[in-house]
Amino acid sequence: MKRILLIALLCIGTTGFLYASLGYFNGPYNNILTAQNIKNTDKYGIDVSHHQKQINWKEVSKEPIEFVYIKATEGATYVDPMFHKNATDAKKAGLLIGAYHFFRMTSSVENQFKNFKSAMSKHQMDLIPMIDVETDDGKPRKEVQKALEKFIQLIKAEYGVSPMIYGTQRSYNTFCAPDFNKYHLYIGRYSTKHPEIKGKGTYTIWQYTETGRIKGINNRACHVL
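Residues numbered from 1 in each chain as written. Predicted model: local features only at pLDDT ≥ 70, side-chain atom pairs only at ≥ 80, totals over all residues. Heavy atoms only, no water.

Draft legend 1. Quick peek at the environment of Tyr172. By the secondary structure assignment, Tyr172 is in helix H5 (residues 169–175). With 15 residues separating them along the chain, Tyr172 and Ile187 place their C-alpha atoms 7.6 Å apart. Excluding residues that lie within four positions of it along the chain, Tyr172 makes contacts with Ile165, Gly167, Ala177, Phe180, Asn181, Leu185, Ile187 and Ile197. (Helix = DSSP H or I, 4+ residues; strand = E, 2+ residues; numbered from the N terminus. Contact = heavy atoms within 4.5 Å.)

Right, here's the structure in full:
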């Protein structure tokens, strides 16, 4: 993800907002909270990477932000240089944290998963893992889908849950829909119009603008959901 920042609005369909639909974890990935544990209200969060540079998480926590997705890895070898610090400091500030992997078709699924798992192992995550799918690296759609499904199965085998899938409305519909609509979807559409997903299914998180600002992050405008 090369975006600056986002604020996330979690929702399911058109019936209302449900934070538990995200399915967050308590401790070592084995205590998934359910809808009855969480109030039916709007919930906001952000995602970050090294592009935000140094973040004052105490200031961020003063905003109406409850969770953060942090870039952990990309491909088979890249680890975001700010991942460990962001994960540690955001959790200390009282935010629920999750990690995401930027999925590439330029390296094997197995090696990408090893990279992600290694980075994740140093932290206790609260949110289900997320896979960022924004490029096919010039590979056929069927090949991308086969590799993505394999990555998903590796996550399920390791952590006991299915991951969230991120994409812009265009990238998700191009590479993934409708085959992956059964998973939790995190869709970017910078508009007042809700994301449109091909086939049956809907999104869990809507990223709806790229011009937001958050205290504690002294950077350019950010993406808002």
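Draft legend 2. Focus on helix H3 (residues 109–120). Helix length check: H3, at twelve residues, gives a terminal C-alpha distance of 16 Å against a target of 16 Å (1.5 Å per residue), a fit within 8%. Inspection of H3 places Val109, Gln112, Phe113, Asn115, Phe116, Ala119 and Met120 among the buried residues, and these make up the whole buried set. Angularly, the buried residues of H3 cover 160° about the axis, an arc narrow enough to put them on a single face. Elements in contact with the buried residues of H3: strand E3 (67–74), strand E4 (78–79), helix H2 (83–92), strand E5 (96–102) and helix H4 (141–159). (Expected span 1.5 Å × (residues − 1). Buried < 20%, exposed > 50% of the residue type's maximum accessible area, 1.4 Å probe, protein only. Arc of directions from axis to C-beta.)

Draft legend 3. Seen up close, the packing of aromatic side chains. Enumeration over the complete set of coordinates arrives at eight aromatic pairs. Residues Phe103 and Phe151 carry aromatic rings whose centres are separated by 5.5 Å and whose planes lie at 70° to one another, so their mutual orientation is edge-to-face. Of the two residues, Phe103 sits in the loop between E5 and H3 while Phe151 sits in helix H4, which places them 48 residues apart along the sequence. Side by side, Phe103 and Phe151 carry an identical accessibility label, which is buried. Plain terms: the ring middles of Tyr166 and Tyr186 are 5.0 Å apart, the flat faces sit at 85° to each other, and that makes the pair edge-to-face. Here Tyr166 is found in strand E7 (residues 164–168), whereas its partner Tyr186 is found in strand E8 (residues 184–188), with 20 residues between them in sequence. The pair Tyr166 / Tyr186 is uniform in exposure class, with both members buried. Feature note: the residues Phe67, Tyr69, Tyr166 and Tyr186 constitute an aromatic cluster, connected by ring pairs. (Phe/Tyr/Trp six-rings, centres within 6.5 Å; stacked < 30°, edge-to-face > 60°.)

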